[in-house]
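Single-letter residue listing:
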Amino acid sequence: MQRNVPVLAGFFWMALLACNDDRTGTKPADTAPSAPKQETVQLPEVPADLPDSSREQLIEQLASRGQYAQAMEQVDVLLQKNPTNPAWLYMKADALEKSADTAGAINHYQQAINAAGLFVAAEMRLANLYAETGNTKALQVINGLLKQPSALRLRSDLLMIQGIYYSKIKDSKKALATYNQIIKEDYSYLDAYIEKGLVYYDENRFEEARKIFLLTTTLKNSFADGYYWMARCEEKLNKKEEALNNYKRALALDQSLTEAREGISRLKK
């Protein structure tokens, strides 16, 4: 299972919400699924006078199908009308990020933030990208957001990004302290447990990691990631039967966990 730095899953409507003070957040720890495979379907000619709202919907549809290049072409049409529209800049950044253009995404998230003044969703996505690259600017963005009353409901989300940053730069002491703080404030935040367990896993402390992953399945017995990482630890501990059973549980709960399927095949040899 690829470990991803968590990102907010929202697209256009999240951008609009984030430009207003009445915001709602989603846990960034609910890691975004792998980007859809880019399609090569030829896009019919789009009328030049297509209403902006319809073009926005088209962009969202293209992005959902993984047609990021075509989505960005349509965003550029909008940006030609208003190059400082925060929501459109956010849409461009989102497509750039999902097409693996990290530098371009960072640039456009920053432009969206500059244009909006306060743009929580864009700032969280920006912090995620900085965290993913081990850039200390992640902490600057997070610390700024933690001072904003409108971002208080996202405190656990922000701390999660902070913890991921520390994990990325291999500062396990600060990473663990951050994950423990999240768990103390929100014991049901399952991905904080996962990341805490992964700190131990990366240090080859497999039994300690396994106990953390076991706790996630106690809190939520349908949590596929918890069973998957338990199995990984058990395989490292040469507990093959337990590992096989937990790989099977993980796969039964989430058929997209190809790594769990690979683990089953590996242990059945």
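Look a little higher up for the structure.
Parameters at a glance
- Residues numbered from 1 in each chain as written.
- Predicted model: local features only at pLDDT ≥ 70, side-chain atom pairs only at ≥ 80, totals over all residues.
- Heavy atoms only, no water.
- Axes fitted to C-alpha atoms, helices over the stretch in contact; angles between N-to-C directions.
- Helix = DSSP H or I, 4+ residues; strand = E, 2+ residues; numbered from the N terminus.
- Parallel < 35°, antiparallel > 145°, perpendicular 65-115°, else oblique.
- Left-handed = near helix turned anticlockwise from the far one by under 90°.
- Contact = heavy atoms within 4.5 Å.
- Nonpolar A, V, L, I, M, F, W, Y, C, P; charged D, E, K, R; others polar.
- Salt bridge = Lys/Arg side-chain N within 4 Å of Asp/Glu carboxyl O.
- Buried < 20%, exposed > 50% of the residue type's maximum accessible area, 1.4 Å probe, protein only.
- Core = buried A, V, L, I, M, F, W, Y, C linked by side-chain atoms within 4.5 Å.
- Phe/Tyr/Trp six-rings, centres within 6.5 Å; stacked < 30°, edge-to-face > 60°.

### Overview of the packing of helix 9 (residues 172–185) against helix 10 (residues 190–202)
Part 1 of the reasoning: The N-to-C vectors of helix 9 and helix 10 enclose an angle of 155 degrees; their axes lie 9 Å apart at closest approach. On the basis of the axis angle, helix 9 is roughly antiparallel to helix 10. The handedness of the crossing between helix 9 and helix 10 is left-handed. Only Ala192, Tyr193, Glu195, Lys196, Val199 and Tyr200 of helix 10 make contact with helix 9, whose side of the interface consists of Ser172, Ala175, Leu176, Tyr179, Asn180, Ile182 and Ile183.
Part 2 of the reasoning: Split into classes, the residues belonging to the contact of helix 9 with helix 10 amount to nine nonpolar, two polar and two charged.

### With respect to the pattern of salt bridges
Part 1 of the reasoning: Applying the stated criterion to the full structure yields twelve salt bridges.
Part 2 of the reasoning: In this structure, the salt-bridge partner of Arg205 is Glu203, at a minimum N-O distance of 2.7 Å.
Part 3 of the reasoning: When its relative accessible area of 33% is taken as the criterion, Glu203 is described as partly exposed.
Part 4 of the reasoning: Between Glu207 and Arg210 there is a salt bridge, with its nearest N and O atoms 3.1 Å apart. Of the two residues, Glu207 and Arg210 both sit in helix 11 (residues 206–219), three residues apart, roughly one turn of that helix.
Part 5 of the reasoning: For Arg210, a relative accessible area of 15% puts it in the buried group.

### A look at the packing of helix 11 against helix 12 (residues 224–236)
Part 1 of the reasoning: For the pair helix 11 and helix 12, the least separation of the axes is 8 Å and the interaxial angle reads 155 degrees. Accordingly, the angle class assigned to the pair helix 11 and helix 12 is roughly antiparallel. Crossing of helix 11 over helix 12 shows left-handed handedness. Across the interface between the two elements, Phe206, Ala209, Arg210, Phe213, Leu214, Thr216 and Thr217 from helix 11 touch Gly226, Tyr227, Trp229, Met230, Cys233, Glu234 and Lys236 from helix 12.
Part 2 of the reasoning: When the residues that make up the contact of helix 11 with helix 12 are grouped by side-chain class, the tally is eight nonpolar, three polar and three charged.

### Section: the nonpolar core
A general trend in soluble globular proteins is that nonpolar side chains are found buried together.
Part 1 of the reasoning: Grouped together as the largest cluster of nonpolar side chains are 82 residues, with contacts concentrated most on Tyr109, Phe213 and Tyr247.
Part 2 of the reasoning: The dominant element in this core, judged by the number of residues it contributes, is helix 6 (residues 120–132), at nine residues.
Part 3 of the reasoning: If sequence neighbours within four positions are ignored, Tyr247 has contacts with Tyr228, Ala231, Arg232, Glu235, Ala260, Gly263, Ile264, Arg266 and Leu267.

### Some points on the environment of Ala131
Part 1 of the reasoning: Summarising the element assignment, Ala131 is placed in helix 6.
Part 2 of the reasoning: Distance from Ala131 to Ile161, taken between C-alpha atoms, is 6.7 Å for residues 30 residues apart in sequence.

### Re the packing of aromatic side chains
Part 1 of the reasoning: Enumeration according to the criterion identifies eight aromatic pairs in this entry.
Part 2 of the reasoning: The interplanar angle of 20 degrees and the centroid separation of 5.3 Å between the aromatic rings of Tyr90 and Phe119 together place this pair among those described as stacked. Within this pair, whereas Tyr90 is found in helix 4 (residues 86–98), its partner Phe119 is found in the loop between helix 5 (102–116) and helix 6, the two being separated by 29 residues in sequence.
Part 3 of the reasoning: Ring-pair connections join several aromatic residues into one group, and the members of that group are Tyr201, Phe206, Phe213, Tyr228, Trp229 and Tyr247.

Everything listed here is a matter of coordinates, which is why it stays silent on function.
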